[in-house]
Amino acid sequence: MSLAYWISDALHAATWQFASGMIAVGLTYREALGIVALSFFIISLVIAANGTVGAIYHVPFPVIARASWGFWGSYIAIISRVILAIFWFAIQNVNGGNAVRVMIGAIWPSFLDLPNAIPESQGITTAGMVGYLIFWSIQVPFLCMHPNKLRWLFTVKSILVPIAWIAILIWSFVTVQGGGEVFATQAPTVSGSKYSWLFLANMTSVLGNYATLSVSMSDFTRYSRVSPQWQLLYIPMLPIVFTFFSFIGIAASSAGQVHYNLSSIPWDPTVLISYWSNRACRFFGAASFALASLGVNISANSLSAANDFTALAPRYINIRRGQILCALLSWCLVPWKILESASNFLSFMSAYAIFLGPIAAIMMFDYWVVNRRRYDCLALYQPHNPTYRYTFAIPGLSRKSMSGTNWRAVLSFIVGVAPSLPGLANTVNSHIDVGVGIHPYEFGWLLGFVATSIAYLSLSWLFPAQETRIDRAVLPDEIYDRDMLVEGIETDDADGKDVVLDTQDKHMDMEKAV
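Below or above, wherever it landed, is the structure these notes cover. (Residues numbered from 1 in each chain as written. Predicted model: local features only at pLDDT ≥ 70, side-chain atom pairs only at ≥ 80, totals over all residues. Heavy atoms only, no water.)

**What to know about the side chain of Ser253**
Next, step 1: You can see Ser253 is positioned in helix α13 (residues 234–259).
Next, step 2: Separated by 2.7 Å, the side chain of Ser253 and the backbone oxygen of Gly249 make a polar contact.
Next, step 3: Beyond its immediate stretch of four places on either side in the chain, Ser253 contacts Trp16, Ile265, Pro266, Trp267 and Leu272. (Helix = DSSP H or I, 4+ residues; strand = E, 2+ residues; numbered from the N terminus. Polar contact = N/O pair within 3.5 Å; in protein donor to acceptor, adjacent residues only side chain to side chain. Contact = heavy atoms within 4.5 Å.)

Listed below in structure tokens is the structure:
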């Protein structure tokens, strides 16, 4: 993972709109940017910690999860992650579809006057649905291609999209002196305890945006050819990159309100672009956001979901089929309803953050503290290997035992998630009054991460799983030593002609063999 990847991944409409939801609920732009920077500093620590495991062992998230959750217990983490990955894929489809709608309108202005046959309550128009369908159809062929063959696409995105966004930033300051009303507001419109809870809720929303990568970073770092120490670069880099691009969204949206004399701030970048008088500028400006959404959906969302689907049904689903399945399921989630308002978007992001925070905590502390950075790479692929079977006796039932699930991880996960469930219920159905029970949900990621960490470390210390405490780490390279025979993999190449020298190829061969 390089700087170019993160610049490419940061460039999409959700990053542009990070601060919009915060300012819309009463915070100032300074506080909004501060929340973005602080949130990405926190999440970068977790991303770097969990990404290092993939860089060392060259295995994806579903495989690494087996070490801390057990073979069958890992399905809890996998299913939780795949749902959020599909949701994000669908949300980026809406953003990309809106950009396509503006592009078509720039070429054929009459398209924007297309009669709307969809009820207003659905949060999307007929023209918007046409743009959604076109964008979805355009990206399907890319999903059928191997990610390694799409490097040119990500390179183009990491060059063209930043140029377009910086050009928009320059336009905003040249057009409107002082930046507009947002920059003139010096104090928040909320105070006291409400301000504190809003601060935590918005931080949870930003954390939730990249909560997926905090657990699945190994899906990408597994292909790393550099030292795992490079993962430390994420800690200073992510807050800077994402805060800067969020600032562009604030500046451009605020300038658009003043320049076009609008009653409300056009936080949606495609709405802002639609006001531009020059049709060529509208087309290429919207194209930058369509390209941004396309790149993120391919590199992050669909690939993460595909890795999970292959783990859930390895006999029937490979990476390509998993990506197509993700694209098909995205229609079922009606993402335009999620993006209908700022409050809906914040609620959605907070909702899933409460599940991924505990998962990230368990994986991080299991590797760095409980198992002291020692995993057996081969055992992760052997369901009957006792190392990660986590066999335990069932209390009250003599001679009865269960295996395949680390009960410490499951119990710690419940401890981290349970306090936020009343707030989640209130979010799903506002008629359910939970009183102060809403507050733990408002900072669910932080609460879940801390509570789960304490619970998992305590249980692992009081009831240690001795079978997972190995003397030294077993790395992928060792498995393919020409003189080494292991269960599931036979070495019959005596002269070494067919020895696989590349670590990535070794790992792929090991998956097939086991």
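**Comments concerning the packing of aromatic side chains**
Next, step 1: For the structure on display, the rule yields 29 aromatic pairs.
Next, step 2: Aromatic pair Phe40 and Phe242: ring centres 4.1 Å apart, planes at 10°, arrangement stacked. Of this pair, Phe40 sits in helix α4 (residues 29–57) while Phe242 sits in helix α13, and the two are 202 residues apart along the sequence.
Next, step 3: On the basis of relative accessibility, which here comes to 1%, the residue Phe40 falls in the buried class.
Next, step 4: Residue Phe242 is classed as buried on the basis of its relative accessible area, which comes to 0%.
Next, step 5: Where Tyr260 meets Tyr275, the ring centres are 5.5 Å apart and the plane angle is 25°; that geometry is what we call stacked. Taken together, the positions of Tyr260 in the loop between α13 and α14 (269–274) and Tyr275 in the loop between α14 and α15 (279–312) put the pair 15 residues apart, joining distant regions of the chain.
Next, step 6: Clustering of aromatic rings is evident, with ring pairs tying together Trp16, Trp165, Phe244, Phe245 and Phe289. (Phe/Tyr/Trp six-rings, centres within 6.5 Å; stacked < 30°, edge-to-face > 60°. Buried < 20%, exposed > 50% of the residue type's maximum accessible area, 1.4 Å probe, protein only.)

**Things to note about the packing of helix α8 (residues 151–175) against α13**
Next, step 1: It is the contact of α8 with α13, at a shortest axis distance of 9 Å, that shows an interaxial angle of 40°. With respect to their mutual orientation, α8 and α13 come out oblique. Between α8 and α13 lies a crossing of left-handed hand. Between α8, through Trp165, Ile168, Leu169, Trp171, Ser172, Phe173 and Thr175, and α13, the contact on the second element is made entirely by Phe244, Phe245, Phe247, Ile248, Ala251, Ala252, Ala255, Gly256 and His259.
Next, step 2: Residues that form the contact of α8 with α13 fall into these classes: twelve nonpolar, four polar and no charged. (Axes fitted to C-alpha atoms, helices over the stretch in contact; angles between N-to-C directions. Parallel < 35°, antiparallel > 145°, perpendicular 65-115°, else oblique. Left-handed = near helix turned anticlockwise from the far one by under 90°. Nonpolar A, V, L, I, M, F, W, Y, C, P; charged D, E, K, R; others polar.)

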